[in-house]
Amino acid sequence: GDLLPADGILIQGNDLKIDESALTGESDHVRKAVDKDPMLLSGTHVMEGSGKMVVTAVGVNSQTGIIFTLLGAGGEEEEKKEKKGR
């Protein structure tokens, strides 16, 4: 299982199965294909197959980043940036 570091859209895949349990809680692996469910999300793991994707979001703009921001995990980093800017 390689960890996906960014959100993206699958443009080429070969029998790709993703473990999305970190985001959805669902333990079953999800089959991804260009014509069926091509969205790949950061924080998920590749369990089988291979593929190429076009990156659509990274960092706080990715699905994982949005979740962390909503949970308040990103607040500490923002406070540090504000203090350094003063």
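Quick caveat: nothing in here was measured; it's all calculated off a predicted structure. (Residues numbered from 1 in each chain as written. Predicted model: local features only at pLDDT ≥ 70, side-chain atom pairs only at ≥ 80, totals over all residues. Heavy atoms only, no water.)

A. Representation of the pairing of strand β2 (residues 7-19) within the structure. Examined bridge by bridge, β2 and strand β5 (residues 45-57) share ten bridges and lie antiparallel to one another. If you follow Gly13 over to β5, its bridge partner there is Gly51. As paired strands, β2 and strand β4 (residues 39-40) are joined by two bridges and run antiparallel to one another. Bridged to Ile9 within β4 is Met39. Where β2 meets strand β3 (residues 30-32), three bridges bridge the pair, whose relative direction is antiparallel. (Pairing = 2+ DSSP bridges. Helix = DSSP H or I, 4+ residues; strand = E, 2+ residues; numbered from the N terminus.)

B. Spotlight on unusual backbone geometry. For Asp15, which is not glycine, the phi dihedral falls at a positive 50°. You will see that Asp37, though not glycine, has its phi angle at about 55°, which is positive. In this fold, Asp37 is placed in the loop between β3 and β4. With a relative accessible area of 35%, Asp37 lands in the partly exposed category. (Buried < 20%, exposed > 50% of the residue type's maximum accessible area, 1.4 Å probe, protein only.)

None of this, on its own, says anything about what the molecule does.
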